[in-house]
Amino acid sequence: MSVETTPDAVREETAPDAFREELRAWLEENCPQEMRDGKMAENSICWGGKNWQFTSDAQKQWLERCAARGYTVPTWPKDYGGAGLNRAQEKIFHQEMDRINARKPLQSFGIWMLGPALLHFGSHEQKLHYLPPIARGEIRWCQGYSEPGAGSDLANVQTRGEDKGDHWLVNGQKIWTSYADKADWIFALVRTDREAPKHKGISFLLMNMEDAGVDTRPIKMISGISPFCETFFTDVKVPKDQIVGEENRGWDVAKYLLTHEREMISGGGAGLSGGGRALGAVINDTMEGLTDATLRADAMRCEIDSLAIGLTLERYKDQAEAGQGAGDASAMLKYMGTELNKQRHELMMTAGGSDALEWDGPLGNRAGDWLRTKANSIEGGTSEVMLSIVSRRVLGLPG
Amino acid sequence: MLADMARGFLDGAAPVAKLRKMRDAGDTQDSALWKEMADMGWAGVLVPEAQGGSDMGYAAANVLAREMGKTLAVSPFISSAVIAATALRQVADARAEAALARIAAGEATYALAVDEGIKFDPEATQMTARADGNGFRLSGKKQFVVDGAMADRLLVLARTDNGLTLFDIPADRAGVTRDRTNMIDARDAARITFDDVEATGEDVLGQVDQAMTVLKPALMAGQGALAAEMTGLAAGAFDMTVGYLKERKQFGVEIARFQALQHRAAHLWCEIEVTASAILNAGRMMDADPENAALAVSLAKARATQTATLAVQEGVQMHGGIGMTDAYDMGFYMKRARVGAEWLGDYSYHAEQVAAARGF
Ligand SMILES: Cc1cc2nc3c(=O)[nH]c(=O)nc-3n(C[C@H](O)[C@H](O)[C@H](O)COP(=O)(O)OP(=O)(O)OC[C@H]3O[C@@H](n4cnc5c(N)ncnc54)[C@H](O)[C@@H]3O)c2cc1C
């Protein structure tokens, strides 16, 4: 949680200790001034990857310095590019980063999704091979789960992998693949047994986007940008060692990965993942005083929920074993966080009035951000699917 | 664990059926139960060990309040063990220590007399404490004095020459008239009239004109514990509801199979989980950094009010007709939730506190 979204009265302060002191000094020395604006906007994120164009020297420097210390993935083991921080140290790490309003040095699907799945299911060799390049921002990953006929019913994936001895021959189509046109590699759900029940015939494969037979076609979103794509596989050869977990057991990996994805989306959704400001402050700026009683009441409600959901995210992190996620409860976090974020952006639009209606108008990309949030309760599993997960797995109601 | 222990005890000693029995008999306090709670250290949960308390702190007090909320256990826990004990702890003198010892032993119960209008607003207190020789004369009216009809002592907020002053007086002092109110939740409460009631300097808790130094922490403690009770209440209503979904059949299947109901139940569970975090945080802040706990406490009370309200509304709705009957327990949850919503500041009051702290 960031400094502004986490007032002193809510944050649990850890007493200054050696780790904090040392970290603070390191940050002071190494975080470039330009990287201390806490920016969260899409165009200030550093995604990394082979084709990454740094937006400034400072962005490059910041990534390299953090990567050298394992600070792009502070909780990952040192062997795999992390800093091996425990939960208490991780909290301090985020507090200190927020204190100077530092940008995240690197964000990626590798960090949020594939990394946790590899740490859990990957072999030691796979971890050594795939994780450090993620941590250094050298390889950018995308997620090949959804297909035209497999959305909420994800286990219905039809993309096929034929066993050719030393490799699988993959054919099929993915859709809504975020940043497929920018990514270097893709982790994909591929049907490797067509006879088995649908959950039992899927494998979790890693594929190089540069391989022959991989094509992407961007799709334009309602917010005007094209962050996602259709992805086509035509006779793509995938070597047998590029599987995570066992053959036909990919669904276990897929589900585990989703719990991490959902937790991540939830945090972003709650506006709590750093750089987010108190809604009241944002609205105050726009309206020169929060004078509209209805809007004010709605914003207060939203602020209360933001704080409480932020505390819930922290609580689940505290409860989880190091490196583990919230499990089935990630569905709750995702549902609550994303529905809240949509409300929050509705209120920001109301506060912005007609100024918010222009593309790149006086309020920048407020409308684009608002439209983008509508996907929060769809991507990574819809709100309805999240409620069904809670209902079945947490409450034990019949399916 | 404290929670498991408390649950075990309350399920046996204070189930909702007990509240029903008391209501039917017209009883609003259960002194035998309170004595047992005192023996277990609950009455002294915030009393120092030197005064015979168990001194477990606010997080623990909230755990107890939450468990009591689940079964709607009747006790003066929040008024006496939380609010009065916290107020007395702000005062370091022999008289306060003796009072704390009596609370811990279950020998003295307290009620907080603050409200004068229909809403919680301590700063607007009109009741006067006129200086009279070495002492004071208290005149005025209080309402919604929770636990006030049966309490042994009253904490009374009154206006003095240059501010507000908190008095600690026996409830049977001459000039005090208590009218027991017939509350929807069947719990103890009173309207109280003070007619030129004599109070000495000894009766002042803390300093004259400085009530808030003592009262503010006590109110925060009470608000936090009440929020915990309401979250427990929400969980109790929720458990009953989910139990019913699995059992009731319509259209040839358990109604739990209907997705419309599954999703409403799941949503409610999510709300309860999120509120539980706010409650935990409030208790932790009260223990670790009480000076800065106001935001955490108001956040907890605001969330708990909304969540308990949702839980009882959904509870009745998902039960259908039986949820509306007096013979079924859900109504008790609904009525207690409404009283809890108003006591010590309603949703709007606490939302305003959060807003102020968050720069609105
Ligand atoms: C911006 C964005 C980025 C994305 N990025 C990626 C990505 O990188 N990689 C990837 O693989 N996918 C990605 N997705 C895809 C996303 O995961 C799917 O869109 C999502 O899982 C929903 O599937 P669907 O679109 O087919 O909708 P459908 O499953 O067709 O759902 C339509 C509606 O029906 C409801 N519904 C469906 N089943 C049920 C049910 N059983 N009970 C009740 N209601 C139900 C849904 O909740 C929804 O409201 C992205 C999507 C978006 C919007």
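Residues numbered from 1 in each chain as written. Chains lettered and ligands numbered in written order. Predicted model: local features only at pLDDT ≥ 70, side-chain atom pairs only at ≥ 80, totals over all residues. Heavy atoms only, no water.

**Concerning helix H10 (residues 330-342) of chain B**
All names here are of chain B. With 13 residues, H10 extends 19 Å from end C-alpha to end C-alpha; this agrees with the ideal 18 Å at 1.5 Å per step. Extensive coverage of H10 is indicated by the burial of 10 of its 13 residues. Along H10, the residues that are buried comprise Met330, Gly331, Phe332, Tyr333, Arg336, Ala337, Val339, Gly340, Ala341 and Glu342. In this structure, the buried side of H10 is in contact with helix H2 (16-25), helix H4 (58-71), strand S3 (135-146), helix H7 (211-247), helix H9 (294-319) and helix H11 (347-357). Of the residues trailing H10, Leu344 is marked for its positive phi of about 60°. (Helix = DSSP H or I, 4+ residues; strand = E, 2+ residues; numbered from the N terminus. Expected span 1.5 Å × (residues − 1). Buried < 20%, exposed > 50% of the residue type's maximum accessible area, 1.4 Å probe, protein only. Contact = heavy atoms within 4.5 Å.)

**Notes on H4(B)**
All names here are of chain B. Over its 14 residues, H4 extends 20 Å from the first C-alpha to the last, a length consistent with the 20 Å expected when each residue adds 1.5 Å. Most of H4 sits out of view: 11 of its 14 residues are buried. Where H4 is concerned, the buried positions are Tyr58, Ala60, Ala61, Asn62, Leu64, Ala65, Glu67, Met68, Gly69, Lys70 and Thr71. Positive phi shows up at Leu72, right after H4, with a value of about 55°.

**Observations regarding the packing of aromatic side chains**
All names here are of chain A. With the rule as written, the count across this model stands at 21 aromatic pairs over all chains. Both rings, one in Trp141 and one in Phe187, keep their centres 6.4 Å apart while their planes meet at 40°; by these two values the pair is tilted. Taken together, the positions of Trp141 in strand S1 (residues 141-144) and Phe187 in strand S4 (residues 185-191) put the pair 46 residues apart, joining distant regions of the chain. A single burial state applies to Trp141 and to Phe187, both of which are buried. Judged by centre distance (5.8 Å) and plane angle (5°), the rings of Phe187 and Phe204 are stacked. Placement of Phe187 in strand S4 and of Phe204 in strand S5 (residues 202-208) is noted, with a sequence separation of 17 residues between them. Above the plane of the ring of Trp168 lies Lys240, whose end atom (NZ or CZ) is 5.0 Å from the centre. (Phe/Tyr/Trp six-rings, centres within 6.5 Å; stacked < 30°, edge-to-face > 60°. Lys NZ or Arg CZ within 6 Å of the ring centre and 35° of its normal.)

**Considering the pairing of strand S2 (residues 160-163) of chain A**
Residues and elements named next belong to chain A. Direction of pairing for S2 relative to strand S3 (residues 167-178): antiparallel, over a ladder of four bridges. Residue pairing across strands places Gly161 opposite Val170, the latter belonging to S3. With antiparallel pairing between neighbouring strands as the criterion, S2 and S3 make up a hairpin whose turn holds three residues, including Gly165 at a positive phi of roughly 85°. (Pairing = 2+ DSSP bridges.)

**So, the site of the ligand**
The full set close to the ligand counts 19 residues, and A:Ser146, A:Ser152, A:Trp176, A:Thr382 and A:Glu384 are the nearest of them. With respect to the ligand, the chains having nearby residues are chains A and B. Bound to the protein, the ligand loses 68% of the 970 Å² it would expose on its own. Looking at which element gives the most residues to the shell around the ligand, the answer is S3(A), with three residues. For the shell around the ligand, the residue count by class is seven nonpolar, nine polar and three charged. (Near = heavy atom within 4 Å. Areas by Shrake-Rupley, 256 points an atom, 1.4 Å probe, with all protein chains shown as cover. Nonpolar A, V, L, I, M, F, W, Y, C, P; charged D, E, K, R; others polar.)

**Notes on the interface of chain A and chain B**
Many descriptions give the size of an interface as the accessible area lost when the pieces come together. At the junction of the two partners, chain A supplies 42 residues and chain B supplies 40 residues. The junction of chain A with chain B conceals about 3,500 Å² of combined surface from both sides, 65% of it contributed by carbon and sulfur atoms. Looking only at chain A, the three residues that lose the most surface to chain B are A:Ile304, A:Leu395 and A:Pro398, adding up to 17% of its buried area. The tally of links from chain A across to chain B stands at four salt bridges. Here B:Glu352 and A:Arg296 are joined by a salt bridge, their closest N and O atoms 2.8 Å apart. Our count for the contact surface shared by chain A and chain B stands at 13 residue pairs in polar contact (both at pLDDT 80 or more). Within the residue set of the side of chain A that touches chain B, elements represented by two or more residues are helix H7 (279-287), helix H8 (293-319), helix H9 (330-352) and helix H11 (383-394) of chain A. With 14 residues, H8(A) is the largest single contributor of residues to the side of chain A that touches chain B. (Buried area = accessible area lost by both parts, 1.4 Å probe. Salt bridge = Lys/Arg side-chain N within 4 Å of Asp/Glu carboxyl O. Polar contact = N/O pair within 3.5 Å; in protein donor to acceptor, adjacent residues only side chain to side chain.)

Worth remembering: the numbers are spatial, not functional.
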